[in-house]
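Architecture at a glance
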Amino acid sequence: MINQAVWPVLSQSGVAWLLHDRPGALDLVGPGARAMAEAGAALPATALVQALNTARRVQEAVQRLFEDFDLLLTPTAAAMPWPATEVYPPVIDGRPAGPRGHAAFTAFVNAAGVPALALPAPAAPDGLPIGFQLVGRHGDDALLCAIGAAYEAAHPWAHRWPPSPGDA
């Protein structure tokens, strides 16, 4: 639905729009946000309109999905945890992955404008953290928060934080 070509158009043009009328704003953001804003400002209007049209179709598809279901459960990432020194996993399931490849389950939620909640799942076999995402229909934020609170009460996770570097 939201592929690797559409999401950058939406996010880059959005950052460009946010910073456009704020004098000196580009000097206040980090290099990543600056690069996004510059790329977004260089996009043709047709690219943005095409991306917005795709987002509209995603919104309609998600709305239809919630005619039959109350919630959607997905992984939070399309890859097992990767090293903290890497911005994104270079390979997922044996295939090269780009900067947003791991976000296959979250981009459609952003584009659809529906609420979602990420919760910690039991750790991966190697002990690294993983999670799942609950997605609700538009306006069901309270339901998601109630389910999230009940899950966290039944599955406490605060003790799972790794030690701080000074604790070793």
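Our subject is the structure that appears above.
Residues numbered from 1 in each chain as written. Predicted model: local features only at pLDDT ≥ 70, side-chain atom pairs only at ≥ 80, totals over all residues. Heavy atoms only, no water.

The interhelical angle for the contact between helix α1 (residues 6-20) and helix α2 (residues 31-42), taken along N-to-C directions, is 100°, at an axis separation of 7 Å. Classified by the interaxial angle, the pair formed by α1 and α2 is roughly perpendicular. Across the interface between the two elements, Ser11, Gln12, Ser13, Val15, Ala16 and Leu19 from α1 touch Ala33, Met36, Ala37, Ala39, Gly40 and Ala41 from α2. Here the contact of α1 with α2 is built from residues that sort into 8 nonpolar, 4 polar and no charged. (Axes fitted to C-alpha atoms, helices over the stretch in contact; angles between N-to-C directions. Helix = DSSP H or I, 4+ residues; strand = E, 2+ residues; numbered from the N terminus. Parallel < 35°, antiparallel > 145°, perpendicular 65-115°, else oblique. Contact = heavy atoms within 4.5 Å. Nonpolar A, V, L, I, M, F, W, Y, C, P; charged D, E, K, R; others polar.)

Turning our attention to the pattern of salt bridges. This model, assessed by the stated rule, comprises 5 salt bridges. The partner of Glu38 in a salt bridge is Arg34, and the shortest N-O contact between them spans 3.1 Å. Of this pair, Glu38 and Arg34 both sit in helix α2, 4 residues apart, roughly one helical turn. Judged by its relative accessible area of 43%, Glu38 is partly exposed. Taking the relative accessible area as the measure of exposure, Arg34 reaches 30% and is therefore partly exposed. Arg56 is the partner of Glu60 in a salt bridge, and the nearest nitrogen-oxygen pair spans 2.9 Å. (Salt bridge = Lys/Arg side-chain N within 4 Å of Asp/Glu carboxyl O. Buried < 20%, exposed > 50% of the residue type's maximum accessible area, 1.4 Å probe, protein only.)

What follows is about the packing of α1 against helix α3 (residues 45-65). Direction vectors running N to C along α1 and α3 enclose 115°, while the axes themselves pass 9 Å from each other. Classified by the angle their axes make, α1 and α3 are roughly perpendicular. The element α1 and its partner α3 pack so that their crossing is left-handed. Residue-level inspection shows Val6, Val9, Leu10 and Ser13 of α1 in contact with α3, the latter providing Ala47, Leu48, Ala51, Leu52, Thr54 and Ala55. Split by residue class, the contact of α1 with α3 holds 8 nonpolar, 2 polar and no charged. (Left-handed = near helix turned anticlockwise from the far one by under 90°.)

With 17 residues, the main nonpolar core has Leu10, Val58, Val62, Phe108, Val114 and Val135 as its most contacted residues. Those elements giving two or more residues to this core turn out to be α1, α3 and α4 (107-112). Ranked by size, the runner-up nonpolar core spans 6 residues in total, among them Leu119, Ala121, Phe132 and Leu134. (Core = buried A, V, L, I, M, F, W, Y, C linked by side-chain atoms within 4.5 Å.)

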